[in-house]
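# Descriptive analysis of the structure
Take a look at the letters that make up each chain.
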Amino acid sequence: MLREIDKFFYNQPEPINSCLSALRAIVLQFSPDMDEVWRYSMPFYNYQGKRICYLWVEKKTGWPYLGIVNGNLLDHPALIAEKRSRMKILRVDPTADLPIETIDIILNMAI
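In what follows, the accompanying structure is described. (Residues numbered from 1 in each chain as written. Predicted model: local features only at pLDDT ≥ 70, side-chain atom pairs only at ≥ 80, totals over all residues. Heavy atoms only, no water.)

### A few points about the layout of surface pockets
Taken as a whole, the largest pocket spans an internal volume of roughly 190 Å³. Lining the largest pocket are Y47, K50, R51, I52, V69, N70, L73, L74, M109, A110 and I111. Elements that contribute at least two residues to the lining of the largest pocket include exactly strand 3 (50-57) and helix 3 (100-110). Per-element tally for the lining of the largest pocket: the top contributor is strand 3, with three residues. (1 Å grid on protein atoms, 1.4 Å probe; cavity = no way out; pocket = protein on both sides within 12 Å on 5 of 7 lines; lining within 4 Å. Points joined across faces, edges and corners; volume = space filled by probe spheres on them. Helix = DSSP H or I, 4+ residues; strand = E, 2+ residues; numbered from the N terminus.)

Below, the structure is given as structure tokens:
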């Protein structure tokens, strides 16, 4: 039986599923201290017990994104706040190569 977190990924259509799965792998491989939890009906990633980021699909564009907890404290040109006061997001085009270096930089900033 699939866990809720696995169902989230499994139930996404392609190419969203592949993109989110790749983002999941990148975040989990970022550090051995990173772990995955199911919170607020979405996958969250903790670093040494502190929430760092989460994965979600934007409703208006249908694109996946990496949400950064306390993103308001980070200054990176790829991060977008929009109407969020605390979180910032990194939108990811599911049909393009993932910006792995940018993701690594942002995760390092968040930690």
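Next comes the rest of the description.
### Quick look at the sheet that holds strand 2 (residues 42-47)
Taken in spatial order, the five strands make up an open sheet running 1-2-3-4-5, and their pairing is antiparallel. At either end of the open sheet lies a strand with only one pairing partner, and these are strand 1 (34-39) and strand 5 (88-91). Direction aside, neighbouring strands of the sheet carry axes that sit 30 degrees apart on average. Note that strand 4 (residues 64-68) and strand 5 share four bridges and pair antiparallel. Directly across from G67, in strand 5, lies its bridge partner I89. (Pairing = 2+ DSSP bridges. Axes fitted to C-alpha atoms, helices over the stretch in contact; angles between N-to-C directions.)

### Concerning the packing of helix 2 (residues 16-30) against helix 3
Packing of helix 2 against helix 3 brings their axes to within 11 Å, and their N-to-C directions diverge by 45 degrees. As far as their axial angle goes, helix 3 and helix 2 are oblique. Between helix 2 and helix 3 the crossing geometry is right-handed. Each of L23, I26, V27 and F30 in helix 2 lies in contact with helix 3, whose residues at this interface are I100, I103, D104, L107 and N108. In the contact of helix 2 with helix 3, the residues fall into seven nonpolar, one polar and one charged. (Parallel < 35°, antiparallel > 145°, perpendicular 65-115°, else oblique. Left-handed = near helix turned anticlockwise from the far one by under 90°. Contact = heavy atoms within 4.5 Å. Nonpolar A, V, L, I, M, F, W, Y, C, P; charged D, E, K, R; others polar.)

### A short note on the pattern of salt bridges
Applying the stated criterion across every chain, the model contains eight salt bridges. A salt bridge links E36 to R24; the shortest N-O distance between them is 2.7 Å. In this pair, E36 is assigned in strand 1 and R24 in helix 2, connecting sequence segments twelve residues apart. When the shortest N-O distance is used, the salt bridge between K60 and E82 registers 3.5 Å. With K60 in the loop between strand 3 and strand 4 and E82 in the loop between strand 4 and strand 5, this pair connects stretches of sequence that are 22 residues apart. (Salt bridge = Lys/Arg side-chain N within 4 Å of Asp/Glu carboxyl O.)

### Remarks on the environment of P77
With respect to the helices and strands, the residue P77 is situated in the loop between strand 4 and strand 5. Between the C-alpha atom of P77 and that of E58, which follows or precedes it by 19 residues, the distance is 19 Å.

### Comments concerning the nonpolar core
Counting residues in hydrophobic clusters, the biggest one holds 25 residues, and the most contacted among them are L20, C53 and L66. For this core, the elements supplying multiple residues, two or more each, are helix 1 (4-10), helix 2, strand 2, strand 3, strand 4 and helix 3. No other element matches helix 2, which puts six residues into this core. Excluding its chain neighbours within four sequence positions, the residues that come into contact with L20 are F8, F9, Q12, L55, W56, V57 and P64. The next biggest cluster of nonpolar side chains, apart from the first, holds eight residues, and it includes V37, M42, V69 and I89. (Core = buried A, V, L, I, M, F, W, Y, C linked by side-chain atoms within 4.5 Å. Buried < 20%, exposed > 50% of the residue type's maximum accessible area, 1.4 Å probe, protein only.)

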